[in-house]
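# Observations on the model geometry
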Amino acid sequence: MTLPPSATDRLLSVYLVLSQYPILSSRVRDLMRRELFQRGFLDYKEFEQEVIRKAIQSQEREGLQHPEIEEPAEVWERRKALVRDQLTDFHFSNHLSFELIEDLIAEVLNERGVTSLESLYEFNPEVAPEELLFNQGMMIEKMPPEKRKHLEPRLREIKVVLIRNMISDQLRYINIARDWFTIADLAEVRRHKIGHGRIGGKAAGMLLAARILKGSPNVDLRQNLRTPESYYMGSDLLYTFISINNLHHWNDQKYKSEDEMRRDYPKIVEDFVASDFTPNIVQRLETLLTSVGKQPLIVRSSSLLEDNFGTAFAGKYESIFLPNQGTIDENMTALTQAIARIYASTLNPTALLYRRSRGLQDYDERMAVLIQTVEGNRYGQYYMPDLSGVAFSHNQYRWSPQIRAEEGFIRLVWGLGTRAVDRVGNDYPRLVALSHPTLRPSNTTKSIRRYSQQYVDLIDLKDNAMKTLPIHEVLDGDYPPLRYLAQVDQEGYFRSIRSRLVDADPQQLILTFEELLRRTPFAERMRYLLNFLEDEYQSPVDVEFIADVFDDNGKPEIKLSLIQCRPLSYMREETQADLPQNLNPEQVIFSSSIMVAGGWLEEINYVLFVPPETYFSLPSQSARNKLERAIGKLNTALGNEDFICVGPGRWGTSNPDLGVHVDYADIFNTKALVELSGEGIGPAPEPSLGTHFFQDLLEGQIFPLATYIGEDDFNRDFFYETPNRLAEWINVEPSLFERLRLIKVSDYMPDHHLELIMNGIDGRAVAFLSKSPRGRDGRLQ
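These figures come from a predicted structure and were not determined experimentally.

Any aromatic ring pair is given by two values, namely how distant the centres are and how the planes are angled relative to each other. Summed over all chains, the structure comprises 22 aromatic pairs. When the centroid spacing of 5.3 Å and the interplanar angle of 75° are considered together, the rings of Phe718 and Tyr748 count as edge-to-face. Of this pair, Phe718 sits in helix 28 (residues 716-721) while Tyr748 sits in helix 29 (residues 745-748), placing them 30 residues apart in sequence. Every member of this aromatic cluster is reached through a ring pair, and the members are Phe609, Phe714, Phe718, Phe719, Tyr720 and Tyr748. Above the ring of Tyr615, the side-chain terminus of Arg624 is found at 5.4 Å from the ring centroid. A cation over a ring is seen here: Arg716 above Tyr720, with NZ or CZ 4.4 Å from the ring centre.

Quick look at the side chain of Arg739 now. Looking at the secondary structure, you find Arg739 in the loop between helix 28 and strand 25 (741-744). Residues contacting Arg739, with those up to four places away along its chain left out, are Phe609, Val610, Pro611, Thr614, Leu618, Pro619 and Leu627.

Attention now goes to the sheet that holds strand 21 (residues 606-609). Reading across from one edge, 24-23-22-21-25 is the order of the five strands in this open sheet, with mixed pairing throughout. Of all strands in the sheet, those with a lone pairing partner are strand 24 (703-709) and strand 25, marking the two edges. If you compare each strand with its neighbour and ignore which way they point, the axes differ by 20° on average. Note that strand 22 (residues 643-648) and strand 23 (residues 672-678) share four bridges and pair parallel. Bridge pairing links Gly647 to Glu675 in strand 23.

Attention now goes to the nonpolar core. The nonpolar side chains of a soluble globular protein tend to be buried with one another. Ranked by internal contacts, the top residues of the largest apolar core, which has 85 residues, are Trp414, Phe522, Leu533 and Phe545. Residues in contact with Phe522, not counting those within four places in the same chain, are Leu387, Ile410, Leu412, Leu516, Leu517, Phe545 and Ile558. Counting residues in hydrophobic clusters, the runner-up holds 37 residues, among them Ile281, Leu297, Tyr343 and Met367.

Tallied over the full model, the rule gives 47 salt bridges. Notably, a salt bridge pairs Arg154 with Glu157, separated by 3.4 Å at the nearest N-O pair. With Arg154 and Glu157 both in helix 9 (residues 152-166) and three residues apart, the pair spans about one turn of that helix. Classification of Glu157 as partly exposed rests on a relative accessible area of 30%. Note that Arg440 is salt-bridged to Glu514, the shortest N-O span being 3.7 Å. In this pair, Arg440 sits in the loop between strand 11 (430-433) and helix 20 (445-450) while Glu514 sits in helix 23 (residues 514-519), placing the two residues 74 residues apart along the sequence. With a relative accessible area of 11%, Arg440 lands in the buried category. Given a relative accessible area of 9%, Glu514 falls into the buried group. A cluster of three or more residues bridged by salt bridges with shared partners is formed by Glu258, Arg262, Arg629 and Asp666.

Calculation criteria
Residues numbered from 1 in each chain as written. Predicted model: local features only at pLDDT ≥ 70, side-chain atom pairs only at ≥ 80, totals over all residues. Heavy atoms only, no water. Phe/Tyr/Trp six-rings, centres within 6.5 Å; stacked < 30°, edge-to-face > 60°. Helix = DSSP H or I, 4+ residues; strand = E, 2+ residues; numbered from the N terminus. Lys NZ or Arg CZ within 6 Å of the ring centre and 35° of its normal. Contact = heavy atoms within 4.5 Å. Pairing = 2+ DSSP bridges. Axes fitted to C-alpha atoms, helices over the stretch in contact; angles between N-to-C directions. Core = buried A, V, L, I, M, F, W, Y, C linked by side-chain atoms within 4.5 Å. Buried < 20%, exposed > 50% of the residue type's maximum accessible area, 1.4 Å probe, protein only. Salt bridge = Lys/Arg side-chain N within 4 Å of Asp/Glu carboxyl O.

This is the structure in structure tokens:
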């Protein structure tokens, strides 16, 4: 083994060698110091004085003014031990060889009666201590391939046990992860983990995807791929938190009614945020904050079921950005309160009802927490990445026949990625079909301007706050990658920016991302990344990412950070059907020609209809909330019926002025969700492809459709003149009867039901009346 040329490399190599033997490292370092003293490189008394001096300096860096009072004796001794080990590694790397380290390790093994590798494997990995698994896994992994061949099954068994205990017990995940993770990878996770439980689905997906991509043959991707600095709070700590704060009385929330869940949740959040963490957890979090300095953080949920095959839990739990620019006490308070809020979100009604709808109510859904530094760049007083988004390896909802579904698509924004994954206000991400990156849903100048991003989410470092600001308050001509993100709006056409200095009025800048897609490797690299992950997952995937644009010897280059990866839910292909020919116009109830996926709903007996006129005339947010709760109750009541929902604007929007503000928990029993726009309502909603709400619909096999009144068919008599059956199913205030209608299809035409056929190839859908079998009244018995 040759000695690395630089002192830094030598020190790092010593640390890496010792980190492979966590059980043995303390004794090995004793022997390392013995060699340094016996060979005359160090004097024992001088070394111990250096240890004390360095330990005091570390106290001063942490702001301790009177350490003899402020720091307990056991903490001081632990501090000295850590400094002693660091100095040992430093001096050993400068004076002695790596061969000697291996000799010392062999000496320690011999002391413990281990004289051959074979004797190390006389134990059951399923019940063995974690330290033992790591030590022995490392020993096998570092052997030459020809010598460890017969030990590969044992190594795989050790990896599987560690993955299952530390990361995920989901078999489909383990089947993939065991072929990619090394013992060294798992040891790195362990070094960044607090607690003994699993790190949860979100952290598991991010780590696996990053590891897979690091093994990609694509050199450019590997060289420009990074993973945010990450820390993990094990799922066991949730129950510790609940126990020490006497919060057990909230444990049965998942078995309560929806009304009780919603009534209790504000008090749950209040109780959790007011609670405390154990001293050892506080100490670990303080160390974490010291390590990251003033780097902004994001605290993310990572529950055991989250981001798994078939259970994405998209947007059900919280993720909280922390600017992290205050004092250490202020930052610590913000961090602990964020963790407490994420713990509370396990009892969020939306999450509990999602679990109930998926048959997961009785699962012990513990919450781990993922804490990451936020990747980005400083621009003035603001901090944000150049690009954020969510990307999908498969695209069932194509806005043009030439788009190839198997090459996927992206929702792309400038700034933090919250605007890419949520259906927010009156704002729009850039939709990118990766088979045809510059092909838009609409190419008119007016539509490009209207459906461009209007606001940016960012961190204000000066004000120590996350903010949403109009892009023109932030974006200016000196923004480094501006020419790849924006174009200049000049009298009806868009002019690309050709230099770094732009003298255009910021009000003329439109975020089109046109030059990014034309002149950088971004689209090609994302297409490759998604395809590679899909092949390894043996399933379509969706990923959340952050990217920066930088200059590489005069050429634009992209640096990517993958922050999430999960299996993608999609509509079952076997539901494809051909549109009927020569339909009687009187049979047609509505049609759609806006981004239709293939599918067929054979028998719809009820239609939940929210009339646009009465919805938008609701006098207050309180009145809208009552309507939303009524929709949720009706969804529950109709659980055994086949029904669809039809309403104005965007279903699931965060802005009630733009559509019906409901959660997935309010509509999960419906078979289709139809958004109305056009005459008297407003422009067509932008496609919600890729939002958390949209992913919920696909996972629940709920078809999203859009009908533009005036261009698509819409039978007003059916929706407005058919009797309202609402009172037969739920009790509501009389004022809601004109704002929420439940239509029984056979009331409009006896002995008929509604049939909805969607043809993804033609991009058309039609709902029409169809004769019911004799003896059926349209209601399932």
